[in-house]
Amino acid sequence: MTPPDAPNVSAARDPEPHSRIPATRWSPIYHGLRDAIVGHRLAPGTKLPEDELASIYSVSRTVIRAALQALAHDRLVRLEPNRGAFVAQPSTREAREVFEARALIEPRVAALAAEVAKPEDVLLLRHHLEKEHEALHAGRDSDAIMLSARFHVGIAEIAGHSVLTSFVRDLVSHSSLIIALYWKRRDTTCESHAHHALVDAIEAGEAAKAAELMQEHLLDLLSGLELAPPAKKPESLAEMLC
């Protein structure tokens, strides 16, 4: 089960074996590894051996396995048969393709939302922005990324187009991982003026402006990523998690 403070932006996948273990046991490891990945202490492609992690966190390998399965469900970790777990490593091509697809779909979704949004929809979006900014200003970067993703899904839900909303959920799930791994500017999660301007346009019913703002926003997100391969870090896994 995805931790309660993370939005459900992932597409349906295989049953989650980690759900058989109480979340109170694996959730602290999940959050510790998630924050290390988002905080760039664990580079893309880093191997995550169960026995070493069990020693670092002083828990059993079963609990570590549950945390890794939860991270894999959220696409932050890649599980390979007979090889183990690795921090996910989307390619530069994949990153660009994901944002190109978002740039094709989400401006239309924003326009649709502007045409049908009710006052209560706008109120929910503004409340969501408050939580997003609180997380960013408090230094909870991984939460801020997840909340930013949920904001985009929320606009799609307001638009009321089930097929496009499904596409947005899947693309946002992919790009949230890409942002977490490759952001080079701390405001890459979503600059406050971009989201506020989008909500203002949706509230005013300005479909064309909402579409234009969404297009510009997604291009800015892409420009805020460092897609060059990161330098290899010599530290041990324990040092990177400290």
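The rules behind the values
Residues numbered from 1 in each chain as written. Predicted model: local features only at pLDDT ≥ 70, side-chain atom pairs only at ≥ 80, totals over all residues. Heavy atoms only, no water. Axes fitted to C-alpha atoms, helices over the stretch in contact; angles between N-to-C directions. Helix = DSSP H or I, 4+ residues; strand = E, 2+ residues; numbered from the N terminus. Parallel < 35°, antiparallel > 145°, perpendicular 65-115°, else oblique. Left-handed = near helix turned anticlockwise from the far one by under 90°. Contact = heavy atoms within 4.5 Å. Nonpolar A, V, L, I, M, F, W, Y, C, P; charged D, E, K, R; others polar. Buried < 20%, exposed > 50% of the residue type's maximum accessible area, 1.4 Å probe, protein only. Polar contact = N/O pair within 3.5 Å; in protein donor to acceptor, adjacent residues only side chain to side chain. pLDDT = per-residue confidence, 0-100.

## Examining the packing of helix α4 (residues 92-116) against helix α9 (residues 207-223)
Here is step 1: At a minimum axis separation of 7 Å, α4 and α9 run at an interaxial angle of 155°. When the interaxial angle is binned, α4 and α9 end up roughly antiparallel. Of the two elements, α4 crosses α9, and the hand of that crossing is right-handed. Together, Arg96, Phe99, Arg102, Ala103, Glu106, Pro107, Ala110, Ala111, Ala114 and Glu115 of α4 and Ala207, Ala210, Ala211, Met214, Gln215, Leu218, Leu221 and Leu222 of α9 make up the contact between the two elements.
Here is step 2: Taken together, the residues that form the contact of α4 with α9 break down as 13 nonpolar, one polar and four charged.

## Section: the side chain of threonine 46
Here is step 1: Assignment of secondary structure puts threonine 46 in the loop between α1 (23-38) and α2 (50-57).
Here is step 2: Using a relative accessible area of 15% as the deciding quantity, one classes threonine 46 as buried.
Here is step 3: Looking at threonine 46, its side chain comes within polar contact range of the main-chain oxygen of alanine 43, at 2.7 Å.
Here is step 4: If near-sequence neighbours (up to four positions away) are discounted, threonine 46 is found in contact with Ala85, Phe86, Val87, Leu237 and Met240.

## A look at the confidence of the model for the protein
Here is step 1: When pLDDT is averaged along the protein, the result is 83; 85% of the residues meet or exceed 70.
Here is step 2: Contacts for the low-pLDDT stretch residues 1-15, under 50 throughout, to residues beyond four places or in other chains number 34 contacts.

## Considering unusual backbone geometry
Here is step 1: At serine 58, a residue that is not glycine, the phi angle is positive and equals roughly 55°.
Here is step 2: Serine 58 sits in the exposed class, given a relative accessible area of 66%.
Here is step 3: In the Ramachandran plot, asparagine 82 falls in the positive-phi region, its phi being about 65° despite a non-glycine side chain.
Here is step 4: If you trace the backbone, asparagine 82 turns up in the loop between β1 (77-80) and β2 (84-87).
Here is step 5: Residue classification places asparagine 82 among the exposed residues on the basis of a relative accessible area of 85%.

## Let's talk about the environment of arginine 150
Here is step 1: Topologically, arginine 150 is positioned in helix α6 (residues 141-159).
Here is step 2: With 19 residues separating them in the primary sequence, arginine 150 and arginine 169 have C-alpha atoms 8.7 Å apart.
Here is step 3: In this structure the side chain of arginine 150 is engaged in a polar contact, spanning 2.9 Å, whose partner is the side chain of glutamate 157.

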